[in-house]
Amino acid sequence: MSIKIALAGNPNSGKTTLFNHLTGSRQHVGNWPGVTVEKKEGTLKSNKEVTIQDLPGIYSLSPYSLEEVVARNYLVHERPDAILNIVDATNIERNLYLTTQLLELGIPVVVALNMMDLVERNGDQINVDQLSKLLGCKVVTISALKGTNTLEAANQAALAAKAGEATAAPSIFYGDVKKSLDAISDLLKGKTDAKTIPFLSVKLFERDEKINELVTISESDQEQIETIVNACEQKADDDAESIITAQRYEYLTQIISKSVKKNKQSHELTI
Ligand code: BGO
């Protein structure tokens, strides 16, 4: 059985280091179709049946950069068997912003918390079990630089792929925003792959300018969505994209406060 794992993460999260560790010399480098964004693919050193597809380094799945569009089009249309999401644990809040979006795609996700050598050196503590529970997916601590646990992370992603159980989207949104997203989800039911609906509902709410590359929406559905979004914006007195970003960060602040303990002393020293 061949398995395809997509490697996703922020720029500078250690993605290249991890990719090289996992694939060794078994790599193929090209470009994504139609664009000059590098496309790297390789097979896992320890198991040739597992292909690792390196995605461009990205901060979110918005439509504003070529890298983000390439990554999300691949994730929505090609649907890898699992996503291995590399997270820079020294910059966890910003990195998990992307994670929350990956979790909405209906694909099994495993988080590889990287740079753990630096986290330990700083004396910071991350409660991995708690973080895993809050995110609803497996979390593996690694150091891509030192090669610690890297294979374990890939193996966990392969196991998640084999199990085939999509990671559930976390409950991030609440109040009128949640009601609006639910109403948009209802409109999408039966018209697109059910697993992608949580992701697409958010993108439609945000009036994503490249939504037509992800899903085809009838004119009457578009009108209904616009009515839903408009009403929510009026109530919140804010624009749709900012409303989503604010609730995402609120959620992240909560889960970080429950799972990460910074060593105040080391941070005071570095300021
Ligand atoms: C430089 N631990 C530590 N300590 N560093 C790591 C780890 C880890 O687990 N993983 C990666 N790095 P990329 P993207 C560098 O290049 O893989 C380091 O963008 C330097 N270079 O070594 O390139 C890694 O592909 C000079 O650091 O990330 C690299 O995601 C001084 O994180 C950087 C210091 O890794 C980014 C670091 C000339």
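Residues numbered from 1 in each chain as written. Predicted model: local features only at pLDDT ≥ 70, side-chain atom pairs only at ≥ 80, totals over all residues. Heavy atoms only, no water.

Draft legend 1. Representation of the pattern of salt bridges in the model. Within the structure shown, the criterion is met by 13 salt bridges. In this structure, K15 and D54 form a salt bridge, with 2.8 Å as the shortest nitrogen-oxygen distance. A residue pair is termed long-range when its members are at least 10 positions apart, and K15 in helix 1 (residues 15–23) and D54 in strand 4 (residues 47–54) qualify at 39 residues. For the pair K15 and D54, one class covers both residues: buried. Residues E233 and R207 are paired through a salt bridge, measuring 2.8 Å at the closest nitrogen-oxygen approach. Of this pair, E233 sits in helix 9 (residues 219–236) while R207 sits in the loop between helix 8 (197–205) and helix 9, and the two are 26 residues apart along the sequence. The exposure class of E233 is buried, given its relative accessible area of 12%. On the accessibility criterion, R207 (37% relative accessible area) is partly exposed. When salt bridges with common partners are traced through the structure, they connect K15, K40 and D54 into a single cluster. (Salt bridge = Lys/Arg side-chain N within 4 Å of Asp/Glu carboxyl O. Helix = DSSP H or I, 4+ residues; strand = E, 2+ residues; numbered from the N terminus. Buried < 20%, exposed > 50% of the residue type's maximum accessible area, 1.4 Å probe, protein only.)

Draft legend 2. Geometry of the domain arrangement of the protein. Taken domain by domain, the protein comprises domain 1 (3–163) and domain 2 (175–252). In this structure, domain 1 and domain 2 have C-alpha centres spaced 26 Å apart. Residue-level contacts link 20 residues of domain 1 with 19 residues of domain 2. Note on domain 1 versus domain 2: buried area summed over both sides is about 1,900 Å², and carbon and sulfur give 55% of it. Contact with domain 2 buries area across many residues of domain 1, yet R72, Y97 and E104 alone supply 31% of it, more than any other trio. Taken together, the connections running from domain 1 to domain 2 amount to three salt bridges. Of the charged contacts in the structure, one is a salt bridge between R248 and E104, with a shortest N-O distance of 3.0 Å. (Domains from an automatic or database assignment. Contact = heavy atoms within 4.5 Å. Buried area = accessible area lost by both parts, 1.4 Å probe.)

Draft legend 3. Representation of the packing of helix 3 (residues 92–102) against helix 10 (residues 240–259) within the structure. Running from amino to carboxyl end, helix 3 crosses helix 10 at an angle of 120 degrees, the nearest separation of the two axes being 10 Å. By the criterion of interaxial angle, the relationship of helix 3 to helix 10 is oblique. Seen from above, helix 3 lies across helix 10 with right-handed handedness. Side by side, helix 3 and helix 10 meet where I92, E93, L96, Y97, T100 and Q101 of the first sit next to T245, R248, Y249, Y251, L252, T253, I255 and I256 of the second. Its residues placed into classes, the contact of helix 3 with helix 10 shows eight nonpolar, four polar and two charged. (Axes fitted to C-alpha atoms, helices over the stretch in contact; angles between N-to-C directions. Parallel < 35°, antiparallel > 145°, perpendicular 65-115°, else oblique. Left-handed = near helix turned anticlockwise from the far one by under 90°. Nonpolar A, V, L, I, M, F, W, Y, C, P; charged D, E, K, R; others polar.)

Draft legend 4. Inspection of the pairing of strand 1 (residues 3–9) at higher detail. Counting buried positions along strand 1 gives six out of seven residues, so the element sits mostly inside the fold. In the sheet, strand 1 pairs with strand 4 via five bridges, with the strands oriented parallel. Residue pairing for strand 4: K4 is matched across the bridge by T51. (Pairing = 2+ DSSP bridges.)

Draft legend 5. Quick peek at the packing of helix 5 (residues 128–135) against helix 10. Relative orientation of the contacting elements helix 5 and helix 10 amounts to 155 degrees, with a least axis distance of 9 Å. By the criterion of interaxial angle, the relationship of helix 5 to helix 10 is roughly antiparallel. Seen along the crossing, helix 5 lies across helix 10 with a hand that is right-handed. Judged by residue contacts, Q130, L131, L134 and L135 of helix 5 engage Y251, I255, K258 and S259 from helix 10. Among the residues forming the contact of helix 5 with helix 10, the class breakdown is five nonpolar, two polar and one charged.

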